[in-house]
Amino acid sequence: MAERISISKITPATLLYVLLLTLPAAPTASLNVTALLSTFPELSAFTALLSSTIASDLAQRSAVTVLAVPNAYLASSDLTRHLSQTSLADVLRYHVLLQFLSADDLHQIPSSGALFTTLFQTTGRATSNFGSVNITRDPSTGAVSVRSPAPYSPSNASLLEPIKAVPYNLSIFTVNSLLLPYGFDLMASETRPSLDLNITKALIDGHNFNVAASMLAASGVVEEFQADEGGAGITLFVPTDSAFTELPSSQSLQSLPADKKAVVLKFHVLHSYYPLGSLESIVNPLQPTLATEDMGAGSYTLNISRVNGSVAIDTGIVQATVTQTVFDENPVAIFGVSRVLLPREIFGKNPSAGSKSGGAIMTAAPPPDITPSPENSPGGFDGPPPVSREEIRSGSSVAGVQRLMLVLCCIVVYLAV
């Protein structure tokens, strides 16, 4: 007959560990901006424009404020019918602020106004800080206006009303006019011919990128890169031949299966055009790559910064520097880099390249040492960790709910002893 385990033999630490194992894992946050906008019929035309142009850009952002133009106001402007796809995408990027703003936040803006960075600023096509918007508030009426920070800019709009808020990820406000960035040349954007650059030939002509050129041609991804020359453009970071020779055998790309090799090559490409000056002063250092679009938001990103006067690119495993400009003509920039950019999802200690969501593969951790210490013994128990009021108030916060459950578990253990 099996021996029954006495409850008295179960220590508080053991009970707490068992309770923690029963807590559900927090799901990865996912916010589909266009799906939320589609629930408002009066914004259907604006939503359709976003979906056809910058939906992938929006998917990479965790906190944005969208200035949406209702159908009635969008119909009164024929600008959208005269813009090229690239220019239309940039105009729509100008309506996306790169932070969450609530209605209360807007009401606290000083009458002198405040500058807010837009998604357009990250493309490198904005002059100076004209990829930002200046939001002002009239203290006497409370009216909020949005305009270009450039003096005497003819493009401005008035805020109509808040539509949706998902703290602290997304807020949607309506405005009464389509906004244009200062100096936006409609005729130039409409008549500019396609660049139609042969990327492989450009690398061979660079005389120091033969290995990369052959890998791109053999994998077939170069055709995808060239197809992306339109729209927001592309920026390629291409390792030099010497960068490939310096790779240790444990990090050889040739040993990877074809699908993973293609992911690594896409990891070297940003889906926006960045000239060198824009890389040196990039607003958001954490940049998604073409591999991000394939493998899931939050994965396969590059951290771009300025280090010792050079542009540095950090993958989490290696840090490379931009060594030369191979080609730079809007909308394509090609830069030589000192090292092969190895994604941690494939070459890290716990690779998760097979995960479509890009999240790390979780492995069961060994149970903690359950021997009571003076700090966690019954005599030394000082009570549960504090919970913020925001976590308690937010019913949509999974992390807050889980932390509250942890507090209750601690209380149970404390009462048991």
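In the nomenclature of an unreviewed UniProt entry, the protein corresponds to FAS1 domain-containing protein from the organism Eucalyptus globulus. What the UniProt record of the protein gives under Sequence similarities (unreviewed entry) is the line "Belongs to the fasciclin-like AGP family." Per UniProt, the protein carries the Subcellular location (unreviewed entry) text "Cell membrane".

Turning our attention to the sheet that holds strand E1 (residues 64–68). The strand order across the open sheet formed by seven strands is E2-E1-E7-E6-E5-E4-E3, and the pairing between neighbours is mixed. One side of each edge strand has no neighbouring strand; the edge strands of this open sheet are strand E2 (96–97) and strand E3 (114–117). Two strands pair when backbone bridges link them, and strand E4 (residues 132–137) and strand E5 (residues 144–147) are joined in this way by four bridges, in the antiparallel orientation. Note that in E5 the partner of Arg-137 across the bridge is Val-144.

Once that is clear, we can look at the pairing of strand E6 (residues 156–166). Pairing of E5 with E6 involves three bridges; the strand directions are antiparallel. Bridging across to E6, Arg-147 finds its partner in Asn-156. Here E6 pairs with strand E7 (residues 170–175) via six bridges, running antiparallel. Across the sheet, the residue bridging to Lys-164 is Ile-172, located in E7. Following E6, the chain reverses through three residues before pairing antiparallel with E7.

So, about the pairing of strand E12 (residues 310–314). Taken together, the five bridges between strand E11 (residues 301–307) and E12 define a ladder with antiparallel strand orientation. Each bridged residue has a counterpart across the sheet, and for Val-307 the counterpart in E12 is Ser-310. Connecting E11 to the next strand, E12, in antiparallel fashion are two residues, including Asn-308 with a positive phi near 50°. The pairing of E12 with strand E13 (residues 319–329) spans three bridges and is classified as antiparallel. Note on E13: the bridge partner recorded for Ala-312 is Thr-321.

Our focus in this paragraph is helix H11 (residues 210–219). Among all positions of H11, only Ala-212, Ala-213, Met-215 and Leu-216 are buried. One side of H11 holds all its buried residues, which, seen down the axis, span an arc of 165°. Elements in contact with the buried residues of H11: helix H10 (199–205), helix H12 (221–227), strand E8 (234–239), helix H13 (241–245) and helix H14 (258–266).

Attention now moves to the confidence of the model for the protein. If pLDDT is low for a region, its predicted coordinates should not be looked at in detail. Mean pLDDT over the protein stands at 76; residues scoring 70 or higher make up 68%. Contacts from residues 186–193, a stretch scored under 50 in pLDDT, to residues over four places away or in other chains number eight contacts. Here residues 352–399 is a poorly scored stretch, pLDDT under 50, and it has 48 contacts once near neighbours within four places are set aside; other chains count.

This paragraph deals with the sheet that holds E11. Spatial strand order, E9-E8-E14-E13-E12-E11-E10: seven strands in an open sheet with mixed pairing. Taken across any chain shown, the strands that pair with only one partner, and hence form the sheet edges, are strand E9 (269–270) and strand E10 (286–288).

So, on to empty space enclosed by the protein. Taken as a whole and assessed by the stated rule, the structure comprises two cavities of 30 Å³ or more. Of the voids in this model, the largest cavity is the one considered here, and its volume is about 160 Å³. Along the walls of the largest cavity sit 17 residues, with Asp-57, His-271, Ser-272, Gln-287 and Pro-288 positioned nearest its centre. Counting only elements with at least two residues in the lining of the largest cavity, the list comes to helix H4 (55–59), E10 and helix H16 (290–295). The class makeup of the residues in the lining of the largest cavity is five nonpolar, eight polar and four charged. The wall of the second largest cavity is formed by 13 residues, among which Leu-216, Phe-237, Pro-239, Leu-265 and His-268 lie closest to the centre. Sorting the residues of the lining of the second largest cavity by element identifies H11 and E8 as the ones contributing at least two each. In terms of residue count, the dominant contributor to the lining of the second largest cavity is E8 (four residues). Here the residues of the lining of the second largest cavity sort into twelve nonpolar, one polar and no charged.

Let us look at helix H3 (residues 44–53). Residues spaced three or four apart along an α-helix face the same direction, because each turn holds 3.6 residues. Taken residue by residue, H3 has Phe-46, Thr-47, Leu-49, Leu-50 and Thr-53 as its buried positions. Each buried residue of H3 sits inside an arc of 160° when the element is viewed along its axis, so together they form one side.

Now for the nonpolar core. Counting residues in each nonpolar core, the largest one holds 54 residues, and the members touching the most others are Ile-199, Phe-225, Phe-237, Leu-253 and Ile-334. The leading source of residues in this core is strand E14 (residues 332–337), at five residues. In contact with Leu-253, not counting residues within four places along its chain, are Met-215, Phe-244, Leu-247, Lys-261, Val-264, Val-340, Leu-342 and Phe-347. Leu-37, Ile-54, Leu-58 and Leu-74 belong to the second largest nonpolar core, which has 42 residues in total.

This paragraph deals with the pattern of salt bridges. Inspection of the entire model under this criterion finds five salt bridges. Across the pair Arg-93 and Asp-90 runs a salt bridge, and its minimum N-O distance is 2.8 Å. Separated by three residues within a single helix, Arg-93 and Asp-90 lie in helix H7 (residues 85–93), roughly one turn from each other. We classify Arg-93 as buried; its relative accessible area is 2%. Connected via shared salt-bridge partners are Asp-57, Asp-90 and Arg-93.

Cut-off values and rules
Residues numbered from 1 in each chain as written. Predicted model: local features only at pLDDT ≥ 70, side-chain atom pairs only at ≥ 80, totals over all residues. Heavy atoms only, no water. UniProt positions renumbered as here; feature names shortened; annotations may be inferred. Pairing = 2+ DSSP bridges. Helix = DSSP H or I, 4+ residues; strand = E, 2+ residues; numbered from the N terminus. Buried < 20%, exposed > 50% of the residue type's maximum accessible area, 1.4 Å probe, protein only. Arc of directions from axis to C-beta. Contact = heavy atoms within 4.5 Å. pLDDT = per-residue confidence, 0-100. 1 Å grid on protein atoms, 1.4 Å probe; cavity = no way out; pocket = protein on both sides within 12 Å on 5 of 7 lines; lining within 4 Å. Points joined across faces, edges and corners; volume = space filled by probe spheres on them. Nonpolar A, V, L, I, M, F, W, Y, C, P; charged D, E, K, R; others polar. Core = buried A, V, L, I, M, F, W, Y, C linked by side-chain atoms within 4.5 Å. Salt bridge = Lys/Arg side-chain N within 4 Å of Asp/Glu carboxyl O.

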